[in-house]
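Residue-level listing of the chains:
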Amino acid sequence: MLSTHVAVEDFALGIHKSLWACFLELSAANTPIDPVTVAAWLHDRRCTPPEHGWTAYLIRVLEMVPYDANVVVHAKRVRDLARLRRFSSECLRLEGASRGSITSVDAFLADADQRLSELLRRPADQDTGGELGVTLEAVFGQIASGEQDSSISTGFERIDELTTGMRPNEQWVLAARPGVGKTSLALAIALRVAAMGCGVFYASLEMPREQLMLRCLSSEARVDLRRLRTRQLGDDD
């Protein structure tokens, strides 16, 4: 979450502080963030609008926002610039104070050292406990209610033992050298999941539909794929 990287006070301009405060509140309330909703939020709180109004300004901002893939990098940049501004401001304050009446030089320098050390300490990029708390609450709620496990079996007992089955929002990657059976395994899992009544979508960039269906037929009929391709079938087949 970007809120772990950037705080409202990290922005230099008041208009951007208002926008970020709005985004955080709407996000926490699971409210869609769009120009109309944001403009209404800012208007209700009597935030000073830019020259051409909030809606026009928000549309312009949306046209300038970075790609999602780089948004964390830009957020850290905002935070780092804020740290530089605070450090510069503190240095100016210390310089001004040093020109005044100082009762104890040692106490003054100790206080300056502590303040600057706090500013120099780089904040850790860690998620807050909010998401962890939500996850724990959901897990304990499922246990207390006796809710059944939502995982889907692969149809292979050993794989299920190692992975605890397939779960929503997970992505699995089968990786191996060519020709060792990645497609066959994926297809076998797809067939077993479909047999359980679950919907399955299988897409292949390397095999046409006919070859995939032939593999399905071979797996379900338990007939060697090579004999099926060459039409060399025996009576038992």
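About the criteria used
Counting restarts for each chain: residues are numbered from 1 in the order of the written sequence. This being a predicted model, a pLDDT of at least 70 is required before a residue's local features are given, and a value of 80 or more before pairs of side-chain atoms are given or counted; all residues contribute to the totals for chains, interfaces and linings. Heavy atoms throughout the structure, all of them, feed into the side-chain values; hydrogens and water do not. The numbering of helices and of strands both runs from the N terminus, where a helix is a DSSP run of H or I of at least 4 residues and a strand a run of E of at least 2. Burial classes follow relative accessibility: with a 1.4 Å probe on protein chains only, a residue under 20% of its type's maximum area counts as buried, one over 50% as exposed, and anything between as partly exposed. Throughout, the Shrake-Rupley method with a 1.4 Å probe supplies accessible areas, and for residues the shown protein chains are the sole cover considered. Two kinds of site are reported from a 1 Å grid over the protein atoms alone, namely cavities, where a 1.4 Å probe fits but cannot get out, and pockets, open sets with protein on both sides within 12 Å along at least five of seven lines, and residues are called lining when an atom falls within 4 Å of a point. Grid points are joined across faces, edges and corners, and a volume is the space filled by probe spheres set on the points. Comment: axis = line fitted to C-alpha atoms, over the contacting stretch for helices; angle = value between 0 and 180 degrees taken between N-to-C directions. Oblique is the label for any angle not covered by the other classes, which are roughly parallel (under 35 degrees), roughly antiparallel (over 145) and roughly perpendicular (65 to 115). By convention the crossing between two helices is left-handed if the near helix lies anticlockwise of the far one by an angle smaller than a right angle, and right-handed if it lies clockwise. By definition, residues are in contact when any of their heavy atoms lie within 4.5 Å. Any pair of cysteine sulfurs within 2.5 Å is marked as a disulfide.

**Student:** Can you walk me through the overall build of the protein chain in this structure?
**Tutor:** Helices and strands together make up the secondary structure of the protein chain, namely 10 helices and zero strands. Taken across its 237 residues, the protein chain has 19% of its residues classed as buried. About 17,900 Å² of surface is accessible on the protein chain, with carbon and sulfur atoms providing 55% of the total.

**Student:** It is not clear to me how unusual backbone geometry should be interpreted in this structure. Could you clarify?
**Tutor:** The general pattern is negative phi for most residues beyond glycine and trans for most peptide bonds. Phi is positive for Asn-30, close to 55 degrees, though the residue is something other than glycine. Asn-30 gets classed as exposed once you look at its relative accessible area, which sits at 72%. For Thr-164, which is not a glycine, the phi torsion comes out positive at approximately 65 degrees. As for its placement among the helices and strands, Thr-164 is situated in the loop between helix 7 (157-163) and helix 8 (182-195). Judged by its relative accessible area of 45%, Thr-164 falls in the partly exposed class.

**Student:** Looking at this structure, I do not really get the layout of surface pockets. What am I missing?
**Tutor:** A probe matching the size of a water molecule, rolled over the atoms, marks out where space remains unfilled. Volume-wise, the second largest pocket comes out at about 460 Å³. If you go around the second largest pocket, you meet 14 residues; those closest to its centre are Met-166, Gln-171, Trp-172, Val-173 and Leu-174.

**Student:** Any chance you could explain the packing of helix 1 (residues 14-28) against helix 2 (residues 35-44) here in plain terms?
**Tutor:** How two helices sit against one another is set out by the angle between their axes and by the gap between those axes. At a minimum axis distance of 10 Å, the contact between helix 1 and helix 2 shows a crossing angle of 110 degrees. Judged by the angle between their axes, helix 1 and helix 2 are roughly perpendicular. Remark: the crossing between helix 1 and helix 2 carries right-handed chirality. Across from Ser-18, Leu-19, Ala-21, Cys-22, Phe-23, Glu-25 and Leu-26 in helix 1, the residues of helix 2 making contact are Thr-37, Val-38, Trp-41 and Leu-42.

**Student:** Looking at this structure, how should I read the state of the cysteines?
**Tutor:** Here a disulfide denotes a covalent bond joining the sulfur atom of one cysteine to the sulfur atom of another. As enumerated under the stated definition, the model contains zero disulfides in all. Counting only cysteine sulfurs, Cys-22 is the nearest neighbor of Cys-47, a cysteine outside any disulfide, at a range of 8.1 Å. The class of Cys-47 is buried, set by a relative accessible area of 17%.

**Student:** What should I look at first to understand the environment of Gly-53 in this one?
**Tutor:** Along the chain, Gly-53 turns up in the loop between helix 2 and helix 3 (54-64). Residues Gly-53 and His-43, spaced 10 residues apart in sequence, show a C-alpha to C-alpha distance of 9.9 Å.

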